[in-house]
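Residue-level listing of the chains:
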Amino acid sequence: MLGGKLGDTAIIVVSRVGTGTLGPVAGRRLRWKDWGMAIREIRIIGDPVLRTACEPITSLDKAVRDLVDDLIQTVDREGRAGLAANQIGVSLQAFSYNIEDEVGCILNPKIVELSEEHQDGDEGCLSVPGLWFPTRRAEFARVVGIDVNGDDVMVEGTGLMARCLQHEVDHLDGKLYLDRLDRLARKKAMQAVRELPMASAPR
Ligand SMILES: [Zn+2]
């Protein structure tokens, strides 16, 4: 995901379930240069990995820790709001977010609450570069999952954070925001996607 409508404000809460304290995943920027992590290439629409539901993470091994590092480093760039593991070619349930200086990653995320109140606004996606379409989402979303240490975490928010959470969980289910557009917008989107230089076979 790239971001939401300019001017969106988000109320964001990131916590360890049960303690209510801020977890280490939230609110700080790590020094990537010291860690030898990588900014990974983003997979573009047409790549089947984006249409494949991701597998739950069952072991917090080095590969998963490296994945988390790469997700965080790759999302922590100007104009990037969220990144799902399959967008960097890894079919595991994890995504990172970068909303209003909250940068973090959640594993095995599940949406446990969505508000009935909705928000309208343009949505974009790093895997559908340069395009934005109006996409209706719930105004508030709450996601639970685990962090890289296996501790339970909860991320919730309104506005752009809520939009990000819904967008990224969709990715992990093999969905793109384009699937949620109304019929007319979807038609326009499919046309525009066909004209993307890197996307040969939009699905
Ligand atoms: Zn996206």
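Cut-offs used in this document
Residues numbered from 1 in each chain as written. Predicted model: local features only at pLDDT ≥ 70, side-chain atom pairs only at ≥ 80, totals over all residues. Helix = DSSP H or I, 4+ residues; strand = E, 2+ residues; numbered from the N terminus. Contact = placed C-beta atoms within 7 Å. Buried ≥ 20, exposed ≤ 12 C-beta atoms within 10 Å, placed from the backbone. Pairing = 2+ DSSP bridges. Core = buried A, V, L, I, M, F, W, Y, C linked by C-beta atoms within 7 Å. pLDDT = per-residue confidence, 0-100.

Our next topic: the overall build of the protein chain. From N to C terminus, the protein chain includes four helices and ten strands. For the protein chain, the succession of helices and strands along the chain, N to C, is β-α-α-β-β-β-β-β-β-β-β-β-α-α. Relative to all contacts within the protein chain whose residues are 6 or more apart in sequence, the contacts with residues 24 or more apart total 71%.

Turning next to the environment of Val49. The topology assignment puts Val49 in the loop between helix H1 (32–35) and helix H2 (62–75). For Val49 and His171, which are 122 residues apart along the polypeptide, the C-alpha to C-alpha distance reads 9.9 Å. Leaving out residues up to four positions away in the same chain, Val49 has contacts with Arg43, Asn86, Gly89 and Ser91.

A few words on the pairing of strand S10 (residues 152–158). In terms of residue burial, S10 counts as a mostly covered element, since five of its seven residues are buried. Looking at chain direction, strand S9 (residues 140–146) and S10 are connected through seven bridges and run antiparallel. Paired with Val144 across the bridge in S10 is Met154. Linkage of S9 to S10, two consecutive antiparallel strands, is achieved through a turn of five residues, within which Gly150 is found at a positive phi near 90°.

Quick look at the pairing of strand S6 (residues 122–125) now. Looking at chain direction, S6 and strand S7 (residues 128–134) are connected through four bridges and run antiparallel. Bridge pairing links Gly124 to Trp132 in S7. Where S6 folds back on S7, the antiparallel hairpin that results is connected by two residues.

It is worth spelling out the nonpolar core at this point. Counting 47 residues, the largest nonpolar core has Leu71, Ala85, Ala94, Phe95, Cys105 and Leu165 as its most contacted members. Excluding residues that lie within four positions of it along the chain, Ala94 makes contacts with Ile57, Leu67, Val68, Leu71, Ala85, Cys105 and Leu107.

With that out of the way, let us pick up unusual backbone geometry. In the Ramachandran plot, Glu100 falls in the positive-phi region, its phi being about 45° despite a non-glycine side chain. Structurally, the position occupied by Glu100 is in the loop between strand S3 (94–99) and strand S4 (102–114). Although it is not a glycine, Asn108 sits at a positive phi angle of roughly 45°. Considering the arrangement of structural elements, one finds Asn108 in strand S4.

Bringing the confidence of the model for the protein chain into the picture now. Summary statistics for the protein chain give a mean pLDDT of 86 and a share of 81% for residues scoring 70 or more. Counting contacts from residues 3–7, a segment whose pLDDT is below 50, to residues more than four positions away or on other chains yields ten contacts.

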